[in-house]
Amino acid sequence: MELFKRDGTLFTGTVNTDEKGRLTYTMAISCDRCHVVNGQRVWLMGMNNGRPYSHTGFECWTCGNTGVRRYVEATLYTAEKLVQINTTAATRAARKAEADRIAFEKAEAERAAKLVAFRAENVEFLRKLENLDGEFWVAFRNDFMRRAIAPTERQIALVDGEIAKRAANAASAFVGNVGDKIMAKVTVERIIVLPDYGFGVNYINLLRDEAGNVLVYRGLSDIGQKGETVKLKATIKEHQIRDGVNQTIIQRPKVLEVV
Ligand SMILES: [Zn+2]
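What this report covers is the structure whose coordinates are included nearby.

Rules used in this analysis
- Position labels on residues start from 1 in each chain and follow its written sequence.
- The predicted origin of the model limits local features to residues at a pLDDT of at least 70 and limits the giving and counting of side-chain atom pairs to 80 or more, whereas totals for whole chains, interfaces and linings rest on all residues.
- Heavy atoms throughout the structure, all of them, feed into the side-chain values; hydrogens and water do not.
- Any carboxyl oxygen of Asp or Glu within 4 Å of a side-chain nitrogen of Lys or Arg constitutes a salt bridge here.
- Numbering of helices and strands runs from the N terminus; a helix is a DSSP stretch of H or I covering at least four residues, while a strand is a stretch of E covering at least two.
- Residue exposure (1.4 Å probe, protein chains only): buried if accessible area is under 20% of the type maximum, exposed if over 50%, otherwise partly exposed.
- For Na, K and Ca the donor cutoff is 3.2 Å, while for all other metals N, O and S atoms must lie within 2.8 Å; water is not among the atoms, so some sites may look incomplete.
- Think of it this way: with four donors and all angles in the 85 to 135 degree range, the site is tetrahedral; with four or six donors, opposite ones beyond 155 degrees and the rest between 65 and 115, it is square planar or octahedral; otherwise it is irregular.
- In these notes, a set of buried Ala, Val, Leu, Ile, Met, Phe, Trp, Tyr and Cys residues joined through side-chain atoms within 4.5 Å is what counts as a nonpolar core.
- It only takes one pair of heavy atoms within 4.5 Å for two residues to be counted as in contact.
- A pair of strands is considered paired only if DSSP assigns at least 2 bridges between the two.
- Every angle, taken between N-to-C directions, lies between 0 and 180 degrees, and every axis is a line fitted to C-alpha atoms, over only the stretch in contact when it is a helix.
- As defined here, a cavity is a set of points on a 1 Å grid over the protein atoms alone where a 1.4 Å probe fits but cannot get out. A pocket is an open set with protein on both sides within 12 Å along at least five of seven lines, and residues line them when an atom is within 4 Å of a point.
- Grid points are joined across faces, edges and corners, and a volume is the space filled by probe spheres set on the points.
- What a helix is expected to span follows from its residue count: subtract one and scale by 1.5 Å.
- Think of the arc as the fan of directions from the helix axis to the C-beta atoms.

## Remarks on the pattern of salt bridges
Overall, the coordinates contain 15 salt bridges when judged by the stated rule. In this structure, Glu 162 engages Arg 166 in a salt bridge whose closest nitrogen and oxygen atoms are separated by 2.7 Å. With Glu 162 and Arg 166 both in helix α4 (residues 153-170) and four residues apart, the pair spans about one turn of that helix. Under the relative-accessibility criterion, Glu 162 is labelled buried at 15%.

So this is what it looks like as structure tokens:
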């Protein structure tokens, strides 16, 4: 009678019988702690110039340099029995694969349903986000969709603020003509402090007039604190478009009145 190992290879060695009457063979479990180097099995710390080195000798305490960790009795199978257990294993694997597939599809469907609900609940916020271009907002939107958590008050304020700012900037028009002396009522929106490169510190004042136009003053004259509204007179130095925003650059501003 032909006998086979579990992996299907024909067994040709000595057949044993265990206490339950099963046919077995003695299988060597290889040692994984030592290595064959230059035809010799040694335990080693590493290689040095092609030679094994060790501070504690080359003896493998696991296998005594035999290469065999231990012996076990492994079951042998007839051809019929092997077919039977392989069929059983295949059936079990197929059943598991099917169960996994169903679980995966269910999880996918749940995820998709959750995403649809999330989109529906936040339709207005998402519409706003989709209209904001630029690297920061694309990342913000991707992050928001990935987390799928309702927006915080702070996120809503951030988005609304950006939309308001863009609308105001889009409406900004050039004021007057270069060389004109103007009087304007402006609100200080932002003051940027320029680094001191040896010429002293300098300031860029971003201002907005009553019509929503952006005025810019670069210099040391004090126009006011952020948020303050003043009446001033100034000379128009230049018209420029920056980041798509029409900006009127002024010089020699003189504050007439703090409103
Ligand atoms: Zn060993």
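## Looking at the coordination of the zinc ion
The zinc ion binds to the protein through Cys 31 (SG), Cys 34 (SG), Cys 60 (SG) and Cys 63 (SG); the donor distances cover 2.2 to 2.3 Å. Around the zinc ion, the four donor atoms sit at angles spanning 104 to 115°, and that spread fits a shape best called tetrahedral. Spacing between the donor residues of the zinc ion along the chain follows C-x2-C-x25-C-x2-C. A residue pair is termed long-range when its members are at least 10 positions apart, and Cys 31 in the loop between β2 (23-30) and β3 (35-37) and Cys 60 in the loop between β6 (51-53) and β7 (68-75) qualify at 29 residues. Its relative accessible area of 1% is what places Cys 60 among the buried residues.

## Considering the nonpolar core
Counting 14 residues, the largest nonpolar core has Ile 182, Val 186, Leu 207, Leu 215, Ile 223, Leu 232 and Ile 250 as its most contacted members. Once residues within four sequence positions are removed from consideration, Ile 223 is found in contact with Val 188, Asn 205, Leu 207, Tyr 217, Val 230, Leu 232, Pro 253 and Val 255. Judged by nonpolar contacts, the second largest core, of ten residues, contains Leu 126, Leu 132, Trp 137 and Met 145.

## Concerning the sheet that holds strand β12 (residues 245-258)
With mixed pairing, five strands are arranged side by side around a closed barrel as β8-β9-β10-β12-β11. Between one strand and the next, the sheet's axes are offset by a mean angle of 45°, whatever the strand orientation. Pairing between strand β10 (residues 214-218) and β12: four bridges, direction parallel. If you follow Leu 215 over to β12, its bridge partner there is Thr 248.

## Side note on the layout of surface pockets
As a volume, the largest pocket reaches approximately 760 Å³. In terms of lining, the largest pocket is formed by 25 residues, of which the most central are Leu 206, Val 214, Val 216, Arg 242 and Gln 247. Of all the elements in the fold, those that place two or more residues in the lining of the largest pocket are α4, β8 (181-194), β9 (202-209), β10, β11 (229-242) and β12. Looking at the lining of the largest pocket element by element, the count peaks at five residues for β12.

## Examining α4
Each turn of an α-helix holds 3.6 residues, which means side chains three or four residues apart point in the same direction. Over its 18 residues, α4 extends 26 Å from the first C-alpha to the last, a length consistent with the 26 Å expected when each residue adds 1.5 Å. Val 159, Glu 162 and Asn 169 are the residues of α4 that are buried. Relative to the axis of α4, the buried residues are bounded by an arc of 100° and lie together on one face. Buried residues along α4 sit in contact with α2 (123-130), α3 (135-147), β9, β10 and β12.

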